[in-house]
Amino acid sequence: MGPPHVQEVPAVTTTPQAVRRASPRTRRKTTPAAPDPSAGFMPQREPVRLLEPDGTPLPARDDYPEPPVETLREMYRRMVVGRRFDVQATALTKQGRLAVYPSARGQEACQIGGVLALRDTDWVFPTYRESMALTARGLDPVEVLTLLRGDWHCGYDPAVTRTAPQCTPLATQCVHAAGLAYGESYQGRDTVALAFIGDGATSEGDFHEGINFAAVFKAPVVYLVQNNKYAISVPLSRQTAAPSLAYKGVGYGVPSEQVDGNDPVAVLAVLERAVAHARAGKGPYLIEAHTYRMEPHTNADDQTRYRDADEVEAWRDRDPIARLEAYLRVKDVLDDDAVAAIAAEAEEYAAALRRRMDSQPTVDPLSLFDHVYAEPTPQLVEQREMVRAELAADAEGDA
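Quick caveat: nothing in here was measured; it's all calculated off a predicted structure. (Residues numbered from 1 in each chain as written. Predicted model: local features only at pLDDT ≥ 70, side-chain atom pairs only at ≥ 80, totals over all residues. Heavy atoms only, no water.)

This part covers the environment of histidine 208. Mapped onto the elements, histidine 208 comes out in helix α9 (residues 205–216). The sequence separation of histidine 208 and aspartate 86 amounts to 122 residues, and the corresponding C-alpha distance is 31 Å. Excluding residues within four positions of it along the chain, histidine 208 makes contact with Thr202 and Tyr252. (Helix = DSSP H or I, 4+ residues; strand = E, 2+ residues; numbered from the N terminus. Contact = heavy atoms within 4.5 Å.)

Time to look at the side chain of arginine 84. With respect to the element layout, arginine 84 can be found in helix α2 (residues 69–94). Setting aside residues no more than four positions away along its own chain, arginine 84 makes contact with Ala346, Glu347, Ala350 and Arg354.

Tyr76, Val222, Ile287 and Leu324 are the most contacted members of the largest nonpolar core, which has 55 residues in total. Top contributing element to this core by residue count: helix α10 (residues 264–279), with 10 residues. The residues touching isoleucine 287, leaving out its near neighbours within four places in the chain, are Val222, Tyr223, Leu224, Val225, Glu257, Val259, Val270, Leu271 and Ala274. Core analysis: the next-biggest nonpolar cluster, separate from the first, contains 23 residues, Ala195, Ile197, Ala219 and Leu286 among them. (Core = buried A, V, L, I, M, F, W, Y, C linked by side-chain atoms within 4.5 Å. Buried < 20%, exposed > 50% of the residue type's maximum accessible area, 1.4 Å probe, protein only.)

So, on to the side chain of threonine 240. With respect to the secondary-structure elements, threonine 240 resides in the loop between β5 (234–235) and β6 (256–260). Within the local environment of threonine 240, its side chain forms a polar contact with the backbone nitrogen of alanine 242, the two atoms lying 3.0 Å apart. Discounting chain neighbours no more than four positions away, the residues touching threonine 240 are Leu245 and Lys248. (Polar contact = N/O pair within 3.5 Å; in protein donor to acceptor, adjacent residues only side chain to side chain.)

In this approach the atoms are scanned with a rolling probe the size of a water molecule, which exposes any empty space left behind. Size it by volume and the largest pocket reaches roughly 310 Å³. Lining the largest pocket are 23 residues; nearest its centre among them are Tyr128, Arg129, Leu170, Gly198 and His297. Elements that contribute at least two residues to the lining of the largest pocket include exactly β2 (193–198) and β4 (230–231). Class assignment for the residues of the lining of the largest pocket results in 10 nonpolar, 9 polar and 4 charged. (1 Å grid on protein atoms, 1.4 Å probe; cavity = no way out; pocket = protein on both sides within 12 Å on 5 of 7 lines; lining within 4 Å. Points joined across faces, edges and corners; volume = space filled by probe spheres on them. Nonpolar A, V, L, I, M, F, W, Y, C, P; charged D, E, K, R; others polar.)

Let us look at the packing of aromatic side chains. Per the counting criterion, the structure on display carries 10 aromatic pairs. Their ring planes at 55 degrees and their centres at 5.3 Å tell us that tyrosine 182 and phenylalanine 217 sit as a pair that is tilted. On the criterion of sequence distance, the pair formed by tyrosine 182 in helix α8 (residues 172–186) and phenylalanine 217 in the loop between α9 and β3 (221–227) is long-range, its members being 35 residues apart. Look at tyrosine 182 and you get partly exposed, because its relative accessible area is 28%. Under the relative-accessibility criterion, phenylalanine 217 is labelled partly exposed at 41%. Judged by centre distance (6.4 Å) and plane angle (75 degrees), the ring pair of phenylalanine 207 and tyrosine 223 falls under edge-to-face. Taken together, the residues span a long stretch of sequence, with phenylalanine 207 in helix α9 and tyrosine 223 in strand β3 at a distance of 16 residues. Put simply, the rings of Tyr182, Tyr186, Phe213 and Phe217 pair up and form one aromatic cluster. (Phe/Tyr/Trp six-rings, centres within 6.5 Å; stacked < 30°, edge-to-face > 60°.)

Orientation of α2 relative to α10, taken along the N-to-C sense of each, is 115 degrees, at an axis distance of 11 Å. Relative to α10, the element α2 lies roughly perpendicular. Crossing of α2 over α10 shows right-handed handedness. Counted together, Thr71, Leu72, Met75 and Met79 of α2 and Pro264, Val265 and Leu268 of α10 form the full contact between these two elements. When its residues are assigned to classes, the contact of α2 with α10 shows 6 nonpolar, 1 polar and no charged. (Axes fitted to C-alpha atoms, helices over the stretch in contact; angles between N-to-C directions. Parallel < 35°, antiparallel > 145°, perpendicular 65-115°, else oblique. Left-handed = near helix turned anticlockwise from the far one by under 90°.)

A full pass over the atoms with the stated rule returns 23 salt bridges. The salt bridge involving arginine 49 is made with aspartate 260; its shortest N-O contact spans 3.0 Å. Of this pair, arginine 49 sits in the loop between α1 (16–21) and α2 while aspartate 260 sits in strand β6, placing them 211 residues apart in sequence. Taking relative accessible area as the criterion, aspartate 260 reaches 9% and is therefore assigned buried. A salt bridge links arginine 356 to aspartate 140, with the nearest nitrogen and oxygen atoms 2.9 Å apart. One end of the pair, arginine 356, is in helix α13 (residues 336–357); the other, aspartate 140, is in the loop between α4 (131–136) and α5 (141–144), with 216 residues separating them in the sequence. Taken together, the shared-partner salt bridges connect Glu74, Arg77, Arg78 and Glu345 into one network. (Salt bridge = Lys/Arg side-chain N within 4 Å of Asp/Glu carboxyl O.)

As a further point, take the sheet that holds strand β1 (residues 123–125). Backbone hydrogen bonds are what pair the strands of a sheet, in a parallel or an antiparallel way. Taken in spatial order, the 5 strands make up an open sheet running β1-β2-β3-β7-β6, and their pairing is parallel. If you trace the sheet from one side to the other, it starts and ends with β1 and β6, each paired once. Across the sheet, the mean angle separating the axes of adjacent strands is 20 degrees when strand polarity is ignored. Pairing of β1 with β2 involves 3 bridges; the strand directions are parallel. Bridge pairing links phenylalanine 125 to alanine 195 in β2. With respect to the sheet, helix α3 (residues 108–116) is in contact with β2, β3 and β7 (285–290), its orientation differing from that of β2 by roughly 165 degrees. (Pairing = 2+ DSSP bridges.)

Written as structure tokens, this is what we have:
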């Protein structure tokens with residue numbers, strides 16, 4: 001028997017016309033994916049980190065290039081001097097020379113990174129905890145401590161230093177920073193404003209008003225949230241259910257990022273990108289730096305009531321100064337002699353501060369009414385005269 005007969009089937013040729021004539025049911029529809037409205041605003045899932053806690057460098061990143069090593073060496077110097085200043089200021093409260101002092105020990109990478117990322121022509125809007133940042137910017141340490149000493153509303157000239165008075169009410173500086181940044185931009189200047197805030201301030205209305213205004217009007221302002229895990233004694237878990245405070249920028253259309261706040265290299269890299277974004281006219285930027293306050297909220301705080309010693313001790317292994325020092329030693333830009341020289345500089349800085357704080361300033365009680373308004377209101381004039389009369393009566397009684 002021969003092979004079975006096989007009927008040949010002609011090949012099917014598909015033409016564009018055939019596809020168009022095909023039934024809709026037989027066509028394969030491809031719908032383009034809808035654009036992600038949060039694209040470009042979302043922070044990294046994990047905080048940006050360029051160094052391990054022991055100073056070992058992590059693989060380089062294209063999105064956050066490492067700052068020049070000379071800049072990092074200067075950052076180390078300012079961090080060491082800044083910590084010594086902070087320790088000395090804390091001691092001054094125990095001696096009665098300061099009324100109160102909120103320490104920033106442990107947050108040196110954020111404090112110094114914030115001012116290093118700026119130009120001298122940029123503005124800083126600090127909280128009461130940014131004394132270290134202000135001295136690192138070159139402000140006179142005695143003038144910085146004037147507010148905390150109780151001698152004057154602000155010891156330095158904000159217009160000359162381009163540094164707003166240290167802000168005690170939470171988050172009010174967020175609105176001020178947005179307004180100044182917008183005003184500078186409106187006048188054609190490329191000024192950037194940096195507002196330091198704490199994690200607790202992100203729960204305040206002024207934070208949301210400030211960042212919303214900045215987003216709508218593309219104000220060149222960077223908000224640096226130092227998330228040190230506690231708003232005085234309130235832990236972060238009692239403030240927000242968000243996976244990160246950085247996500248709070250997304251709802252306002254503000255690009256946001258989170259960074260390991262104890263990694264000095266990463267902090268500076270993220271800040272430089274944010275400042276460049278703002279300066280280019282692209283609007284505000286929100287950064288959350290994960291860090292830790294090693295000392296109590298202020299000298300009047302009892303931290304043992306809300307956190308245990310083991311937690312504090314665990315954060316000592318993430319010391320930002322030790323982390324950067326180890327890295328710079330590996331890069332051969334820091335050795336024992338250099339470390340000793342910087343430590344000696346820090347000691348002299350602290351000694352000079354002690355000497356200058358020995359003398360008590362002469363304070364005129366009537367100066368309390370100066371600079372409250374550009375032109376005193378009738379009520380302010382009346383209050384001033386009441387105090388003047390009371391002081392005169394006391395003087396006559398003493399005589």
